[in-house]
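A closer look at the structure
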Amino acid sequence: MILRSLELKSFGQFVDKKYEFRRGINLVIGPNEAGKSTMMEAIPAVLFGCKDKKRFRPWARSQHCSASLILENQQYNIAIARDIDTDNVELCQSNDLYQEQCNFVATVPVDEHCVAKFDYLHLLKKFLGISDERMFRSSLFLGQGDFPSNSEEIKRHMRTLLSGFARGDSTLVLQSIQDDYLAITNDAPWLNKQVSPRELEAVQDALDDVYAQREYMQQMVVQVQQLSQQIEQLQHGIANDRQEYEKGVEYLAWIQNQWQQESSDGSQPADHCPAAPASAEEDVAPEIAALRREHNQLQQTLVAAGLPTEIPVEMPRLLAAADGIRCTLVALQQQTIPLRKEISALSFPSTKRWLIISLLLVAVLAAVNYLHPQWLVSASVTLGLVLALCWSRFAWRYRRQRSVQRQLEQQIAAIDLHREQERSQLKELDDDFESYGFASSAIAMVKMQKQLQGHEHIVHRLAEIRMILQDEDIEVPVLGKESDCPSVAGQSKQHKSCVNSKLDDIQREHLHPDELPIAQQNLAELKNNIKKKEVELLSLLRQEAVLQDRLTAAEQLGTTENELRASLDELMQRKEVLGCAYTLLAEAITEFSHTNLRAVEKEVGKYLRQATLGKYTEIEITENYALRLRRAGQRGKSSALENLSRGTIDLVCLATRLALTRFLVNDEYLPFFLDDALVNLDSDRLLETVDALERLSKDHQIVMFTHDERLYKLASRRRWHVIPLGTRPKRTKVAQKAEVSANDGQLSLL
Amino acid sequence: MSHSNTTQDDQYQSYELNVSHCVDESAICAEVALLAQSDLSIKITLVGNIDIDIIPDTKNITNCCRESFFALELVDHTSLLESVFVREMAQENTVRGVVVKRLLELSKATTNAAQLRIYELTLRELLARFEVMQGGDYS
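These remarks concern the structure in this document. For clarity, every value in this text was computed on a predicted model and none was experimentally measured. (Residues numbered from 1 in each chain as written. Chains lettered and ligands numbered in written order. Predicted model: local features only at pLDDT ≥ 70, side-chain atom pairs only at ≥ 80, totals over all residues. Heavy atoms only, no water.)

Here we take up the overall build of chain B. Helix and strand counts for chain B come out as 5 helices and 4 strands. Secondary structure of chain B in N-to-C order comes out as β-β-α-β-α-β-α-α-α. A buried classification covers 50% of the 139 residues belonging to chain B. Look at the contacts in chain B between residues 6 or more apart in sequence, and 65% of them connect residues 24 or more apart. Approximately 6,800 Å² of chain B is accessible, and the part contributed by carbon and sulfur atoms is 46%. (Helix = DSSP H or I, 4+ residues; strand = E, 2+ residues; numbered from the N terminus. Buried < 20%, exposed > 50% of the residue type's maximum accessible area, 1.4 Å probe, protein only. Contact = heavy atoms within 4.5 Å. Areas by Shrake-Rupley, 256 points an atom, 1.4 Å probe, with all protein chains shown as cover.)

Listed below in structure tokens is the structure:
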């Protein structure tokens, strides 16, 4: 395939120019700034577009910048035109008879991907064998400085082209993947040497540490749970113990009181129980429960008042009579008190005094008889009279006091008799009360009489509540029914038996007075036990607080764990990706070497043979793309490329470029463009290279852009197609002579 | 624009956005911006077949569109393996052609989504490295 023509409109400094090209070598020559590079860049600009659209836009011209080219081979012609500004492309393919076979017109943007672009590139691939601009430039374009200076550059260029990229070296990519992989992990199955742990292993270790700490924390959580259970049990136990203790204290107080009451008046032990049974109100509705509570409270009020719900008709009279009797008794009692005081105040004459006086008088009489017996008679009469007088006075006084005492005693006896009568009446009333089931004590009667006024209201309210509860079909609670409290159950004659049975129960079921000290001791032990449990509870709460603090600190562990997990997942994925990439690329390089390298060797060898005029017939490409050349007729003996001359290396460069291009584009002979590529070569190398290019130009069209006068001379001499740009370089005398001599020959022929 | 499989999890509303037709990253940003609601917490999964030149950079797109959402999370599940570009590449007589051909064979042989994702990322990794080596603008 050759480039037949290139037409430029408003393209750089080209206003409207069309250049024709021929087979073989074409030399575009001109001085600097003549437009050689612009012309050369116009070819990929037409084929692939131009990202920098201002680059070729002419100054002060409004026309669209556009270019077109025609490529042809033996089967078809391809005309491609592109408006650089709008990227409108027209591709027309016609056969050798210029019959149009394919016409593609579309906007093919450079930066965007669209169906039109894909179709266009597909057509380029089909007709030219290449659709990648970078590959096009890398293979078919040889610029100034691109000529390899040593064998290593040829090897690298070969590797990159065969990798499928313009400059992406598969070996370097493989190495970079391996480096990155080994930066992540030391787990490299393709690497024999051991390396130190990398980031992945470090993260894994850190995560293992976190797991260990997590396990420790879980154990701590279990400990906290156990502690919480212990604390709960302990709190429950302490609450129960406290309740038991309070009950015990209450019970002890109650039972002591009961025993004291029993011992004091021998009466029934209790009018209430220490612990009322719990009502079963929790299951009913709140209103019903409230009614039942009110009912119970009213009944308790009645019980506390000692009144039954139903009061007998005789009750007020009995209470009034009892009250009257009690008042009478009190009055009689008050009457007896001064009488008894009077009796106690009565003073009888003392007999001792009168006996002493009598004895003294007898003594006086005896003395008189001893001293003066003659006065015995008169003295006896006198003393007898005195004694009779004294004793008569004593008898008078005694009789009088005695009569007063008798009168008082008679009065007291009359009062006592009255009291006895009143008491008997009161006893009868008590019997009547007890027959109704009431307490007959004076205090109870007074209390009942006082409560009797509110009784009517209470009874009325109780009747209402019972009616409501009966309407709700709820059993009316009867206080004392469950608790068998003797004070409430006593509406009937069963009261006594109930009281007696309760007393028996107390004696049988409750503690006896001699057991009370033991009970008090037990209570004290219970109190100590509660204190011990409270100390233990405090210790457990402290332990729990410490563990809770540690668990709070462990929440940060969760954050760290999440970060490490995320990092580990990312690294694992990266490891897998890099591992897969490394394996695939290594295998692909090996597979490509095994399957394609021999074909490449053959292709390069063919070009090399052509370029060196058969001096070198074969080339050997090793797996690392090292090149060894074999001379003709020296089978089995090859020379490394780096050991050969620079001229030979240049030829190998040209041969490999063209061979690889042809290999990559599926056997198409595409034009080869050189932009001042040979300008740095000395004369010998230049001639040698040009000779090789001439030989290669039999298959490939060669288009050289240069300002080198040496090439221009050669072009004249060797009849290349010359396209001058700008001012033609001045010819040297040698060139003029050569031209004249050539013309002379032609003229002589004419 | 084609959206599908809108689901709701605890924190995010999940959304699948097919970006096969998008020609560049700004087009993907525009597609994402169409869903913008200031009170929306959304997790957008980008799906579809893409070309190598428009492999979405989720960080860039998230930074571009974050202000339009209450919370935005982008997940790239686009496929380069299924693109025409890669299928064309597999026919090349080059090392990369062999690599891509093998990757396509491997991806067809497996139904494991995680493994498919690994192959997808492997392809991207390789192409990116070759592009970086040759000074391309793909990163």
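Turning next to the pairing of strand S4 (residues 66–72) of chain A. For a regular strand, side chains alternate in direction, first toward one face of the sheet and then toward the other. All names here are of chain A. With 6 of 7 residues buried, S4 lies mostly within the body of the structure. Here strand S1 (residues 2–11) pairs with S4 via 7 bridges, running antiparallel. Note that in S4 the partner of Leu 6 across the bridge is Leu 69. Taken together, the 7 bridges between S4 and strand S5 (residues 76–83) define a ladder with antiparallel strand orientation. Looking at the pairing, Ile 70 lines up with Ala 79 of S5. The turn linking S4 back onto S5 is made up of 3 residues. (Pairing = 2+ DSSP bridges.)

Structurally, the position occupied by Ala 27 of chain B is in helix H1 (residues 25–33). Separated by 27 residues in the primary sequence, Ala 27 of chain B and Ile 54 of chain B place their C-alpha atoms 9.7 Å from one another.

End to end, helix H10 (residues 376–436) of chain A covers 86 Å across 61 residues, agreeing with the expected 90 Å (1.5 Å per residue, within 8%). Gly 437 of chain A sits one or two positions beyond H10 of chain A and adopts a positive phi of about 90°. (Expected span 1.5 Å × (residues − 1).)

Moving on to the environment of Ser 539 of chain A. Within the element layout of this structure, Ser 539 of chain A appears in helix H13 (residues 516–611). Sequence spacing of Ser 539 of chain A and Ile 231 of chain A is 308 residues, and the spatial spacing of their C-alpha atoms is 9.7 Å.

It is worth spelling out helix H3 (residues 133–140) of chain A at this point. Looking only at H3 of chain A, the buried set comprises Met 135, Phe 136, Ser 138, Ser 139 and Leu 140 of chain A. Where H3 of chain A is buried, its residues touch helix H1 (36–48), strand S8 (141–143), helix H4 (151–163), helix H14 (646–664) and strand S12 (672–675) of chain A.

Our focus in this paragraph is the interface of chain B and chain A. Across the contact, 31 residues belong to chain B and 40 residues belong to chain A. The junction of chain B with chain A conceals about 3,200 Å² of combined surface from both sides, 63% of it contributed by carbon and sulfur atoms. Linking chain B with chain A are 4 salt bridges, by the criterion used here. Linking Arg 102 of chain B and Glu 591 of chain A is a salt bridge whose minimum nitrogen-to-oxygen distance equals 2.9 Å. Joining chain B to chain A, the criterion identifies 7 residue pairs in polar contact (both at pLDDT 80 or more). Mapped onto the side of chain B that touches chain A, the elements with two or more residues apiece are helix H3 (84–90), helix H4 (95–109) and helix H5 (113–133) of chain B. The biggest single contributor to the side of chain B that touches chain A is H5 of chain B, with 13 residues. Its residues assigned to classes, the side of chain B that touches chain A comprises 14 nonpolar, 6 polar and 11 charged. (Buried area = accessible area lost by both parts, 1.4 Å probe. Salt bridge = Lys/Arg side-chain N within 4 Å of Asp/Glu carboxyl O. Polar contact = N/O pair within 3.5 Å; in protein donor to acceptor, adjacent residues only side chain to side chain. Nonpolar A, V, L, I, M, F, W, Y, C, P; charged D, E, K, R; others polar.)

The next point concerns the packing of aromatic side chains. All names here are of chain A. By the definition in use, this model includes 11 aromatic pairs over all chains. Pairing Phe 348 with Tyr 398 gives two aromatic rings, centres 5.3 Å apart and planes at 50°, and the pair type is tilted. With Phe 348 in the loop between helix H8 (314–345) and helix H9 (351–371) and Tyr 398 in helix H10, this pair connects stretches of sequence that are 50 residues apart. On the basis of relative accessible area, Phe 348 is assigned to the partly exposed category, the value being 33%. Tyr 398 gets classed as partly exposed once you look at its relative accessible area, which sits at 40%. These aromatic residues form a ring-pair network of at least three members: Phe 48, Phe 136, Phe 141 and Phe 673. The cationic tip of Arg 137 hangs over the ring face of Phe 141; the distance from NZ or CZ to the ring centre is 5.9 Å. (Phe/Tyr/Trp six-rings, centres within 6.5 Å; stacked < 30°, edge-to-face > 60°. Lys NZ or Arg CZ within 6 Å of the ring centre and 35° of its normal.)

By way of backbone hydrogen bonds, the strands of a sheet pair with one another, either parallel or antiparallel. Residue and element names in this part refer to chain A. The strand order across the open sheet built from 6 strands is S2-S1-S4-S5-S6-S7, with neighbouring strands paired in antiparallel fashion. A single partner strand is all that each edge strand has here, and the edge strands are strand S2 (14–20) and strand S7 (100–107). Between one strand axis and the next, the sheet turns through 10° on average, direction left out of account. As defined by bridge partners, strand S6 (residues 88–95) adjoins S7 across 7 bridges and the pair is classed as antiparallel. Among the inter-strand pairings, Glu 90 is bridged to a residue of S7, identified as Val 105. Against the sheet, H1 engages S1, S2, S4 and S5, with an angle of about 95° to S1. (Axes fitted to C-alpha atoms, helices over the stretch in contact; angles between N-to-C directions.)

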